[in-house]
Amino acid sequence: MDDLQLLSLIVLFAGLVTLALPLLARLVEFATARQSGDWLLLGLLLLFGLALLAALWAVWAASTQSWLLWPVAGFTLLFRLVSPLILLRMLSQRLGDPTGDSTSRTTTLEQSVTGGAVVLGSFVLLAPWLEPSHGNAMAVAETGLATVVAVFSFSQFYLLLFMGRMREGQAHFAWVAGLLLGIGFIVLTPAYLPGFQAAFRTTSALGWFGAAALFHYGRQLHPPAFLRQLRWNV
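Let me sum up the structure you'll find in this document.

Reading the values: the criteria
- Per chain, residue numbering runs from 1 following the sequence as it is written.
- Totals for whole chains, interfaces and linings use all residues, but because this is a predicted model, local features are given only for residues with pLDDT of at least 70 and pairs of side-chain atoms are given and counted only at 80 or more.
- Excluding hydrogens and water, the side-chain values take into account all heavy atoms of the structure.
- We call a set of buried Ala, Val, Leu, Ile, Met, Phe, Trp, Tyr and Cys residues a nonpolar core when their side-chain atoms join them within 4.5 Å.
- Buried residues are those whose accessible area, probed at 1.4 Å on protein chains only, stays under 20% of the maximum for their type, while exposed residues exceed 50% and partly exposed ones sit between those limits.
- Comment: elements are numbered from the N terminus, with helices defined as DSSP H or I runs of at least four residues and strands as E runs of at least two.
- The contact definition used throughout considers only heavy atoms, calling two residues in contact when any of these lie within 4.5 Å.
- Axes here mean lines fitted to C-alpha atoms, for a helix over just the part in contact, with angles spanning 0 to 180 degrees between N-to-C directions.
- Each angle gets one of four labels, with under 35 degrees taken as roughly parallel, over 145 as roughly antiparallel, 65 to 115 as roughly perpendicular, and the rest as oblique.
- Crossing handedness: left-handed means the near helix sits turned counterclockwise from the far one by under a right angle, and right-handed means the same turn made clockwise.
- Gly is put with the polar residues, along with every residue not named as nonpolar or charged; the nonpolar set is Ala, Val, Leu, Ile, Met, Phe, Trp, Tyr, Cys and Pro, and the charged set is Asp, Glu, Lys and Arg.
- Salt bridge, as used here: a side-chain nitrogen of Lys or Arg that lies within 4 Å of a carboxyl oxygen of Asp or Glu.
- A helix is expected to span 1.5 Å multiplied by its residue count minus one.

### Considerations on the nonpolar core
For soluble globular proteins, nonpolar side chains are generally found buried alongside one another.
Here comes step 1: In this structure, Leu 12, Leu 188 and Phe 196 are the most contacted members of the largest nonpolar core, which totals 17 residues.
Here comes step 2: Among the secondary structure elements, those contributing two or more residues to this core are helix H1 (3–19), helix H3 (37–64), helix H4 (70–95), helix H8 (172–192) and helix H9 (196–218).
Here comes step 3: When neighbours within four sequence positions are excluded, Phe 196 is seen to be in contact with Ala 73, Thr 76, Leu 77, Thr 189 and Pro 190.
Here comes step 4: In terms of nonpolar packing, the next biggest core, distinct from the first, is built from 10 residues, Leu 120, Ala 211, Leu 227 and Trp 232 among them.

### Considerations on the packing of helix H2 (residues 21–33) against H3
Here comes step 1: Where H2 meets H3, the axes come as close as 9 Å, and the angle between the chain directions of the two elements is 160°. When the axes of H2 and H3 are compared, the pair comes out roughly antiparallel. By crossing handedness, the relation of H2 to H3 is classed as right-handed. Packed against H2, whose contacting residues are Leu 24, Leu 27, Val 28, Phe 30 and Ala 31, the element H3 presents Trp 39, Leu 40, Gly 43, Leu 44 and Leu 47 at the interface.
Here comes step 2: Each residue belonging to the contact of H2 with H3 can be placed in one class, and the counts come to 9 nonpolar, 1 polar and no charged.

### Structural notes on the side chain of Thr 114
Here comes step 1: Along the chain, Thr 114 falls in helix H5 (residues 104–126).
Here comes step 2: Thr 114 has contacts with Ala 212, Phe 215 and His 216, leaving out every residue within four places of it along the chain.

### Concerning the pattern of salt bridges
Here comes step 1: Enumeration over the complete set of coordinates arrives at 1 salt bridge.
Here comes step 2: Between Arg 219 and Glu 110 there is a salt bridge whose closest N-O contact spans 2.9 Å. Residue Arg 219 is found in the loop between H9 and helix H10 (225–229), and its partner Glu 110 is found in helix H5; the two are separated by 109 residues along the sequence.

### Regarding the side chain of Thr 203
Here comes step 1: Locating Thr 203 in the fold gives a position in helix H9.
Here comes step 2: Those residues in contact with Thr 203, other than ones at most four positions away along the chain, are Leu 77, Arg 80 and Leu 81.

### Quick notes on the environment of Gln 65
Here comes step 1: The residue Gln 65 is located in the loop between H3 and H4 in this model.
Here comes step 2: Between the C-alpha atoms of Gln 65 and Leu 193, which are 128 residues apart in sequence, the distance is 9.4 Å.

### A short note on the packing of H4 against H9
Here comes step 1: At a minimum axis distance of 9 Å, the contact between H4 and H9 shows a crossing angle of 20°. Considering their axes alone, H4 and H9 lie roughly parallel with respect to each other. The handedness of the crossing between H4 and H9 is right-handed.
Here comes step 2: Across the contact of H4 with H9, the residue classes break down as 18 nonpolar, 6 polar and 1 charged.

### Considering H3
Here comes step 1: Look at H3: 40 Å from first C-alpha to last across 28 residues, which is about the 40 Å you get at 1.5 Å a residue.
Here comes step 2: By the burial criterion, the buried members of H3 are Gly 43, Leu 47, Ala 51, Ala 55, Ala 58, Val 59, Ala 61 and Ala 62.

Rendered as structure tokens:
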């Protein structure tokens, strides 16, 4: 096992264990109610064992049968596409109803957000043809920002499965799990899946350009009807 595979294995295992924290909490409650340490030990062994087996299988599958990564790649690309939309929708909601009283500061901020999204999308597309140092730096910066947004998107999706825990303020585990799993698969997928980098870059640019367009038209005094139906600013 090389360094890349070992790193992916560790990160994926940690992410899967973090993802299973709600199950671990239920296991502790179950064992406490029955005052049985055997149930707790058995549950922990089963949980960690399954997480390790799943991480090992993912690394093995990626290195020997890379086509198995396409479902993961598709899921990654989907979140990569919608993450900028979610981020700019949140910003639009923070700014309030565009039909209300707007100030020059709000207008400037709206233009900056739209322009920033267009610039990020352009950086993604142009990075391979720019100077190596600047291109790499911009690509890393954009990927870092997109990873944070994707983690947020993933956490919101995952927390729908554990709404009760979310109301109790225990939402941090989903952020950590999403970050770890995202890093693990982002390390594996480009290394073993031919053509993924180009698809990732194209999807990323489309996400930023689409988010910029929706944000711009959504901040008009009379936004398009479909944006009102989507409750873009609500």
